[in-house]
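# Fold and geometry: a report
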Amino acid sequence: MSQPLPNELDLENLIHLENMFQELGHEDGLRDGRKSGVVEGRILGCEKGFEMSNEVGYYTGCATLWTKLVEAHPESFSSRATKQIQSLQSVIDQFPDANEDQTDTFALLDKMRAKFRVVTSVLKVEQKFAITQPVGMSY
């Protein structure tokens, strides 16, 4: 037969049970959050690293082209323009090829952007880096 229900409920046991489930849920949430945080952090790091290297590559290409033009036609460029192009190239050369903790890559990128604007102003060219989406294939 079944036992009769007690007249009084033991609230201490219910409160303890609720606290126990809350603590277990909290621990599970922290563990799963750490896992997904690492994965999401790596994905975001790869995306931002690609965007940054894309921009640095653009500035490198422009500086290389301008340097070749100065070498081929030195009479067409002022000494100030030549100096600014060399200054841009030196900032580009300082940019690290690998992830380094000691280097402030964001400060270097800001400096590179500023130098690029100065060079385009001195050369009187309208050149801007614009993030463009790759053209998808259409069938």
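Use the structure listed above.
So, here's what we can say about the structure.

Cut-offs and rules
Starting afresh in each chain, residues are numbered from 1 along the sequence in its written order. Selection of residues for local features in this predicted model requires a pLDDT of at least 70, selection of side-chain atom pairs for listing and counting requires 80 or more, and totals for whole chains, interfaces and linings are taken over all residues. Note: side-chain values were computed over all heavy atoms of the structure, leaving out hydrogens and water. Within this document, salt bridges are pairs made up of a side-chain nitrogen of Lys or Arg and a carboxyl oxygen of Asp or Glu, the two lying within 4 Å of each other. Secondary structure elements follow DSSP: runs of H or I of four or more residues count as helices, runs of E of two or more count as strands, with numbering from the N terminus. The rule is simple: take the accessible area with a 1.4 Å probe, protein chains only, and divide by the maximum for that residue type; under 20% is buried, over 50% is exposed, in between is partly exposed. Here, nonpolar core means buried Ala, Val, Leu, Ile, Met, Phe, Trp, Tyr and Cys residues that are tied together by side-chain atoms lying within 4.5 Å of each other.

### Observations concerning the pattern of salt bridges
Taken as a whole and judged by the stated rule, the model has five salt bridges. With a shortest N-O distance of 2.7 Å, arginine 113 and glutamate 55 are connected by a salt bridge. Placement of arginine 113 in helix α3 (residues 105-123) and of glutamate 55 in helix α1 (residues 11-72) is noted, with a sequence separation of 58 residues between them. With a relative accessible area of 28%, arginine 113 lands in the partly exposed category. Given a relative accessible area of 8%, glutamate 55 falls into the buried group. Linking arginine 113 and aspartate 110 is a salt bridge whose minimum nitrogen-to-oxygen distance equals 3.0 Å. One end of the pair, arginine 113, and the other, aspartate 110, are both in helix α3, three residues apart, so they sit about a helical turn from each other. According to the relative accessible area criterion, aspartate 110 is partly exposed, its value standing at 44%.

### With respect to the nonpolar core
Grouped together as the largest cluster of nonpolar side chains are 22 residues, with contacts concentrated most on Tyr59, Trp66, Leu88, Phe95, Met112 and Leu123. When residues of this core are traced back to their parent elements, those giving at least two are α1, α2 (79-94) and α3.

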